[in-house]
Amino acid sequence: MGLTIAFYVTIFVFGIVIGSFLNVLIYRIPRHENIAVVRSHCMQCGYQLKWYDLFPIFSYLFLRGKCRKCKAKISVQYPLVEALNGILYVVVFVFMYQQTTDSLLCCVLYCMLGSALLALSVIDFRTYEIPVGFNLFIGLLGVARIVTDYENWLQYVIGGVSVSLFLLLLFVLSNGQAIGGGDVKLMAACGLLLGWKSIILAFCIGCLLGGIIHPIRMKIAGEGRVLAMGPYLSIGVMIAALFGTQLINQYLEICGL
């Protein structure tokens, strides 16, 4: 039985609420600020936001993107991250629900995965670093997947090392110049959740996207040769999570395997 529009609206609302929390992580983690005790506030005047200032997306629109007190501009990142996370949750349920016997569990795991990837992508894009906490969180999702699908535990364990060992070797041989340590850990954690087939696909998609998009950004936006690989790998991971089985089967069919 399909899901109703009301259910998707509920999923979207839940997603943008989590997206609001992701903005807190994106802003505070690189600055090593407390994410639990310090109240949300204006970055310019320090005005502590009231409860009616914290409605995801809608507060930004109502305030016209400005602080209620000092009228300083609020970054458009806030509503964008909230909206993207809400859309991501809906997409996960649209394409994953009832696709497998444990589809609801997969939907929950992949929603949490998507939120972690979204937050770490923004941070990596800005700082060229992936905070280890995100990789640990994704790794825990992988452990949960193994526990709930223990009959196929080997494919997840192999997934945890199939790409990451190659990247680790590349990291060591290049002294960290070819790939970052955070990317190595990211592929290990995601592989533990997706399994070896999907993580290899995710890595290939991420490399393809990085190889196409970054040169364009270098030419148009004047970006340097160093790129943050996390966002591209994250996109590859989500594509593989949602469509990996279909893509792999179609590839094998084309190859006659």
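Anything mentioned here points back to the structure above.
Residues numbered from 1 in each chain as written. Predicted model: local features only at pLDDT ≥ 70, side-chain atom pairs only at ≥ 80, totals over all residues. Heavy atoms only, no water.

Visitor: Before we move on, could you go through the overall build of the protein chain and cite the residues and values that matter?
Guide: Counting its secondary structure elements, the protein chain contains 10 helices and zero strands. The C-alpha radius of gyration computed for the protein chain amounts to 19 Å, which stays within 12% of the reference 18 Å derived for 257 residues, consistent with globular compactness. C-alpha atoms of the protein chain, sized along the principal axes, occupy 65 × 50 × 35 Å. Across the 257 residues in the protein chain, those meeting the buried criterion constitute 41%. Of all intrachain contacts in the protein chain linking residues separated by at least 6 positions in sequence, the fraction that spans at least 24 positions is 65%. (Helix = DSSP H or I, 4+ residues; strand = E, 2+ residues; numbered from the N terminus. Rg over C-alpha atoms; globule rule 2.2 N^0.38 Å. Buried < 20%, exposed > 50% of the residue type's maximum accessible area, 1.4 Å probe, protein only. Contact = heavy atoms within 4.5 Å.)

Visitor: Describe a positive patch on the surface, listing the residues and the values that go with them.
Guide: Taken together, the side chains of Arg-64, Lys-66, Lys-71 and Lys-73 make up a positively charged region of the molecular surface. Looking at the secondary structure, you find Arg-64 in the loop between α2 (58-62) and α3 (77-96). Arg-64 gets classed as exposed once you look at its relative accessible area, which sits at 74%. (Patch = residues over 30% accessible without salt bridge, like charges linked within 9 Å, V, L, I, M, F, W, Y side chains within 5 Å. Areas by Shrake-Rupley, 256 points an atom, 1.4 Å probe, with all protein chains shown as cover. Salt bridge = Lys/Arg side-chain N within 4 Å of Asp/Glu carboxyl O. Lys, Arg positive; Asp, Glu negative; His and termini not counted. Charge placed at Lys NZ, Arg CZ, Asp CG, Glu CD.)

Visitor: Tell me about the environment of Cys-255, and name the residues and values.
Guide: Mapped onto the elements of the fold, Cys-255 is located in the segment after α10 (230-254). When the C-alpha atoms of Cys-255 and Arg-28 are compared, they prove to be 48 Å apart, with 227 residues separating the residues in sequence.

Visitor: Describe helix α6 (residues 153-162), and please don't skip the residues or the numbers.
Guide: Every buried residue of α6 is listed here: Tyr-156, Gly-159 and Gly-160. Buried residues of α6, viewed axially, fall in a sector of 100 degrees; they line one side. Where α6 is buried, its residues meet α5 (132-148), α7 (164-173), α8 (181-194) and α9 (196-221). (Arc of directions from axis to C-beta.)

Visitor: With reference to specific residues and values, describe the packing of aromatic side chains.
Guide: Summed over the entire model, instances satisfying the criterion amount to four aromatic pairs. The lysine or arginine in question, Arg-31, covers the ring of Tyr-27, its NZ or CZ lying 3.9 Å from the ring centre. (Phe/Tyr/Trp six-rings, centres within 6.5 Å; stacked < 30°, edge-to-face > 60°. Lys NZ or Arg CZ within 6 Å of the ring centre and 35° of its normal.)

Visitor: Give me the lowdown on the pattern of salt bridges, citing residues and values where you can.
Guide: Under the defined criterion, the tally for this structure stands at two salt bridges. Between Arg-68 and Asp-53 there is a salt bridge, with its nearest N and O atoms 2.7 Å apart. Here Arg-68, found in the loop between α2 and α3, pairs with Asp-53, found in the loop between α1 (5-28) and α2; they are 15 residues apart in sequence, far enough to count as distant. With a relative accessible area of 31%, Arg-68 lands in the partly exposed category.

Visitor: Describe unusual backbone geometry, listing the residues and the values that go with them.
Guide: The residue Tyr-128 is not glycine, and still its phi comes out positive at about 65 degrees. Along the chain, the position of Tyr-128 falls in the loop between α4 (103-127) and α5. The exposure class assigned to Tyr-128 is partly exposed, which follows from its relative accessible area of 44%.

Visitor: Give a description of the environment of Ala-116 that names residues and reports values.
Guide: With respect to the helices and strands, Ala-116 occurs in helix α4. When the C-alpha positions of Ala-116 and Pro-231 are compared, they lie 11 Å apart, and in sequence the two are 115 residues distant. In contact with Ala-116, not counting residues within four places along its chain, are Phe-134, Phe-137 and Ile-138.

Visitor: Any chance you could break down α5 for me, citing the residues and the numbers?
Guide: A rise of 1.5 Å per residue sets the reference length of α5, with its 17 residues, at 24 Å; its end C-alpha atoms lie 25 Å apart and thus fit the reference within 8%. Buried within α5 are the following residues: Phe-134, Asn-135, Ile-138, Gly-139, Leu-141, Gly-142, Arg-145 and Ile-146. Buried residues of α5, viewed axially, fall in a sector of 155 degrees; they line one side. For α5, the exposed residues set more than 90 degrees away from the buried face come down to Leu-136, Leu-140 and Val-147. In this structure, the buried residues of α5 make contact with α1, α4, α6 and α8. (Expected span 1.5 Å × (residues − 1).)

Visitor: Can you explain the packing of α4 against α10? Please cite residues and give values.
Guide: Running from N to C, α4 and α10 point in directions that differ by 165 degrees, and their axes come no closer than 8 Å. The angle between the axes of α4 and α10 places the two elements in the roughly antiparallel class. In terms of crossing hand, the pair formed by α4 and α10 is left-handed. Residue-level contacts link Tyr-110, Leu-113, Gly-114, Leu-117, Leu-120, Ser-121, Asp-124 and Phe-125 of α4 to Gly-230, Pro-231, Ser-234, Val-237, Met-238 and Ala-241 of α10. Classifying every residue of the contact of α4 with α10 gives nine nonpolar, four polar and one charged. (Axes fitted to C-alpha atoms, helices over the stretch in contact; angles between N-to-C directions. Parallel < 35°, antiparallel > 145°, perpendicular 65-115°, else oblique. Left-handed = near helix turned anticlockwise from the far one by under 90°. Nonpolar A, V, L, I, M, F, W, Y, C, P; charged D, E, K, R; others polar.)

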